[in-house]
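Structural characterization, general
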Amino acid sequence: MILSRVLATLILGTAAPVGPEPSFERGRVTVTIDGESRGFPYRLLRAEGATAENPLPLVVFLHGAGERGD
């Protein structure tokens, strides 16, 4: 029983993603509070098929310090 769980974890944990890597646009926003400016980097992934005539909703993911990337 334990061996089957370990094998399942190893197999599922090493599965490669299917399809091409998404292309994120990098940007930076500057916020000024009480005369002090600070820049914050962000990444934007544009949805396929989004146009001015066919807008799609915006999803914002705000994360804590433990989930920051490179």
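Everything below is about the structure shown above.
For clarity, every value in this text was computed on a predicted model and none was experimentally measured. (Residues numbered from 1 in each chain as written. Predicted model: local features only at pLDDT ≥ 70, side-chain atom pairs only at ≥ 80, totals over all residues. Heavy atoms only, no water.)

Regarding the pattern of salt bridges
Here is the rule we go by: By convention in these notes, a salt bridge is any Lys or Arg side-chain nitrogen within 4 Å of a carboxyl oxygen on Asp or Glu. Working definition: helices are DSSP H or I runs of at least four residues, strands are E runs of at least two. Numbering for both runs from the N terminus.
What the rule picks out here adds up to one salt bridge. For Arg 46, the salt bridge identified is with Glu 25, shortest N-O distance 2.7 Å. On the criterion of sequence distance, the pair formed by Arg 46 in the segment after strand S2 (36–44) and Glu 25 in strand S1 (residues 25–33) is long-range, its members being 21 residues apart.

What about a nonpolar patch on the surface?
Put simply, the rule is: Only residues whose relative accessible area exceeds 30% and that form no salt bridge are eligible for patches; like-charged ones are grouped when within 9 Å, while nonpolar side chains (Val, Leu, Ile, Met, Phe, Trp, Tyr) are grouped when within 5 Å. For accessible areas, the Shrake-Rupley method is used with a probe of radius 1.4 Å. Any residue's cover is judged against the shown protein chains and nothing else.
Nonpolar side chains collect at one region of the surface, where Val 29, Val 31, Ile 33, Phe 40 and Tyr 42 lie side by side and expose about 430 Å² of accessible area between them. Of all the elements in the fold, those that place two or more residues in the nonpolar patch are S1 and S2. The leading source of residues in the nonpolar patch is S1, at three residues.

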